[in-house]
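Here's the letter readout for the chains.
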Amino acid sequence: MRAERHVVWSDEDLVRLHGHLLEKSLHDLFDARVSVATRREILAWLRAPKERSGAFSYRTCCALFGLDSDEIRERVLAWHADCPSG
């Protein structure tokens, strides 16, 4: 039987996790090796309305780093539209 371990997350750990989620998602969106289903999920994450902003939403990830989520989304979606793997 496996013993349960209580993991403590520091604020720095959580910010780093948000940064990794944002970076990996944007990278994977343009990686043709990533499944179409995963890329669709990333697009849905990017396009989610403000009302659905949760702890790990795209908007929250951007806000933690002082990034303009609307500007980045517009640019990413424009690049994605021009991308042959999109």
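Details of the structure are given in the entry above.
To start, this report covers the structure provided alongside it. No experiment lies behind these values; they were computed from the predicted model shown.

Here is what the cut-offs are and how they apply
- Residues numbered from 1 in each chain as written.
- Predicted model: local features only at pLDDT ≥ 70, side-chain atom pairs only at ≥ 80, totals over all residues.
- Heavy atoms only, no water.
- Helix = DSSP H or I, 4+ residues; strand = E, 2+ residues; numbered from the N terminus.
- Rg over C-alpha atoms; globule rule 2.2 N^0.38 Å.
- Buried < 20%, exposed > 50% of the residue type's maximum accessible area, 1.4 Å probe, protein only.
- Expected span 1.5 Å × (residues − 1).
- Arc of directions from axis to C-beta.
- Phe/Tyr/Trp six-rings, centres within 6.5 Å; stacked < 30°, edge-to-face > 60°.

A closer look at the overall build of the protein
And then number 1: In terms of regular secondary structure, the protein is built from four helices and zero strands.
And then number 2: Ordering the α and β elements of the protein from the N terminus gives α-α-α-α.
And then number 3: The globule rule puts the C-alpha radius of gyration for 86 residues at 12 Å, and the 15 Å found for the protein is more than 25% above it.
And then number 4: The principal-axis extents of the C-alpha atoms in the protein amount to approximately 50 × 30 × 20 Å.
And then number 5: Burial statistics for the protein: of 86 residues in total, 28% are counted as buried.

Description of helix H2 (residues 36–47)
For the α-helix, the turn length of 3.6 residues means that residues three or four positions removed from each other point alike.
And then number 1: Taking 1.5 Å of rise per residue, 12 residues should cover 16 Å, and H2 covers 16 Å from first to last C-alpha, within 8% of that figure.
And then number 2: What H2 keeps buried is the set Arg39, Ile42, Leu43, Trp45 and Leu46. Around the axis of H2, the buried residues are gathered within 160 degrees of arc, so they sit on the same side. When the buried face of H2 is taken as reference, the exposed residues oriented beyond 90 degrees from it are Arg40, Glu41 and Arg47.

Things to note about the packing of aromatic side chains
And then number 1: Taken as a whole and judged by the stated rule, the model has one aromatic pair.
And then number 2: When the centroid spacing of 5.6 Å and the interplanar angle of 75 degrees are considered together, the rings of Trp45 and Tyr58 count as edge-to-face. With Trp45 in helix H2 and Tyr58 in helix H3 (residues 58–64), the pair connects residues that are 13 residues apart, well separated along the chain. Tyr58 shares its class with Trp45; the two are buried.

No statement about biological role is implied by the geometric values presented.
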